[in-house]
Amino acid sequence: MRRRPARAFPSGGVDVASAAMRPVAPDIWQIDGFPAHGVNAYLVGDVLIDAGTRFWTKKLLRALAGRRVSLIALTHVHPDHQGAAAALCAALNCPLACGEADRSVMEGREPMRPGTRLLRLSAAVLSGPPHPVARPLRDGERVGDLRVVGAPGHTPGHVAFFRESDRLAIVGDALLGMSLLTTRRGLHEPLKVFTHDPAENRRSIRRIAGLQPETLLFGHGPPLRDRAALDAFVAALPAEAPRR
Ligand SMILES: [Zn+2]
């Protein structure tokens, strides 16, 4: 019987180039979709951050073939980040992590937030099945070389990840690196229709900027290595409405 080369994977006719791993920083690879940088996942050492939509399972397995994955950690539980998580955990035999306050959603005990019609529609089309969260993430914990940074707002349990050694932040959807409407590059707040609490998300953006990251890796958009652009963006954010 012929042996299959280690890296081969049933392609199902899917474009192999789309499974490419793009090195973006030491020990970090970006896996993106179409359009380029439109939806991103990252392999950081042996931790996969985010898992695309449910249509990403084959693509991610191909990209990860031959690599060790010890944990899948989600920045937040939305259809374009948790989609292939359950299938990958099963295929790679590894546990799942996400922010503590998103756990009940990932486990299927609560609906995704916000409860807007558009999010419900995207969830129906793009999200993957529920899966137990073995590791609920709390602010300040470590995941490999990364520190968990609580960044709630887009979802209640949204987290970012920060690597001190090169001041690199993986920000999920707290901050977007491209417009989801036009795909134009540049910093944006996430769309309100997909955001649980925009005011809280804005506080999280300020918190991320306070880490003074040199590199930002987004859920949507190309890597950004321009701290001045981040500082200018944050300075231009509207002042917070007074709390009542
Ligand atoms: Zn997203």
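Residues numbered from 1 in each chain as written. Predicted model: local features only at pLDDT ≥ 70, side-chain atom pairs only at ≥ 80, totals over all residues.

### Things to note about the overall build of the protein
Stage number 1. Along its length, the protein carries 7 helices and 14 strands.
Stage number 2. Projected onto the principal axes, the alpha-carbon positions of the protein cover approximately 70 × 35 × 35 Å.
Stage number 3. Per-residue burial over the protein gives 43% buried out of 244 residues. (Helix = DSSP H or I, 4+ residues; strand = E, 2+ residues; numbered from the N terminus. Buried ≥ 20, exposed ≤ 12 C-beta atoms within 10 Å, placed from the backbone.)

### A short note on the nonpolar core
Stage number 1. Counting 57 residues, the largest nonpolar core has A51, I72, A160 and V171 as its most contacted members.
Stage number 2. Once residues within four sequence positions are removed from consideration, A160 is found in contact with T75, V149, A151, A169, I170, V171, G172, A174 and I208. (Core = buried A, V, L, I, M, F, W, Y, C linked by C-beta atoms within 7 Å. Contact = placed C-beta atoms within 7 Å.)

### Some remarks on the pairing of strand β6 (residues 96-99)
Stage number 1. Both strand β5 (residues 71-73) and β6 contribute to a ladder of 2 bridges, which runs parallel. Within β6, the residue paired with I72 across the bridge is L96.
Stage number 2. Across 3 bridges, β6 lies against strand β7 (residues 135-137) in parallel orientation. Looking across to β7, one finds that C98 is bridged to P136. (Pairing = 2+ DSSP bridges.)

### Here's the deal with the pairing of strand β3 (residues 40-44)
Stage number 1. Counting buried positions along β3 gives 5 out of 5 residues, so the element sits mostly inside the fold.
Stage number 2. Residues N40, Y42 and V44 line one face of β3 and the alternating positions A41 and L43 line the opposite face, and both faces are buried.
Stage number 3. When strand β2 (residues 28-32) meets β3, the two strands line up antiparallel, connected through 5 bridges. Paired with I31 across the bridge in β3 is A41.
Stage number 4. Here 3 bridges tie β3 to strand β4 (residues 47-49), and the two strands are oriented antiparallel to one another. Counted as the bridge partner of Y42 is I49 from β4.
Stage number 5. Taken together, β3 and the strand that follows it, β4, pair antiparallel across an intervening segment of 2 residues, in which G45 is found at a positive phi of about 60 degrees.

### Description of the sheet that holds β7
Stage number 1. Ordered in space as β1-β2-β3-β4-β5-β6-β7, the 7 strands form an open sheet in which the pairing is mixed. Both outer strands of the open sheet, β1 (22-25) and β7, are each paired with one neighbouring strand and no more. With direction set aside, neighbouring strand axes in the sheet form an average angle of 25 degrees. (Axes fitted to C-alpha atoms, helices over the stretch in contact; angles between N-to-C directions.)

### Here's the deal with the sheet that holds strand β9 (residues 146-150)
Stage number 1. Read from one edge to the other, the open sheet built from 5 strands follows the order β8-β9-β10-β11-β14, with strand pairing classed as mixed. The open sheet has two edge strands with one neighbour each: β8 (142-143) and β14 (215-218).

### Some remarks on the packing of helix α6 (residues 198-210) against helix α7 (residues 227-236)
Stage number 1. α7 packs onto α6 with a crossing angle of 145 degrees between their chain directions and a minimal axis gap of 10 Å. Note that α6 runs across α7; the crossing there is left-handed. In this structure, α6 contributes I205, R206 and A209 to the contact, and α7 contributes L230, D231 and V234.
Stage number 2. Its residues assigned to classes, the contact of α6 with α7 shows 4 nonpolar, no polar and 2 charged. (Left-handed = near helix turned anticlockwise from the far one by under 90°. Nonpolar A, V, L, I, M, F, W, Y, C, P; charged D, E, K, R; others polar.)

### Thoughts on the confidence of the model for the protein
Stage number 1. Of the residues in the protein, 91% reach a pLDDT of 70 or more, and the chain-wide mean stands at 91.
Stage number 2. Contacts for the low-pLDDT stretch residues 1-18, under 50 throughout, to residues beyond four places or in other chains number 13 contacts. (pLDDT = per-residue confidence, 0-100.)

### Describing the environment of R68
Stage number 1. Counting through the fold element by element, R68 comes out in the loop between α1 (57-64) and β5.
Stage number 2. For R68, a count of 10 C-beta atoms within 10 Å gives the class exposed.
Stage number 3. With 31 residues separating them in the primary sequence, R68 and H37 have C-alpha atoms 24 Å apart.

### Overview of α1
Helical geometry note: an α-helix holds 3.6 residues per turn, so side chains three or four residues apart project in the same direction.
Stage number 1. Burial of α1 is extensive: 6 of the 8 residues sit out of reach of the surface.
Stage number 2. Within α1, burial applies to T57, K59, L60, R62, A63 and L64.
Stage number 3. The secondary structure elements touched by the buried residues of α1 are β2, β3 and α3 (85-92).
Stage number 4. Phi for G66, located one or two positions after α1, is positive at around 85 degrees.

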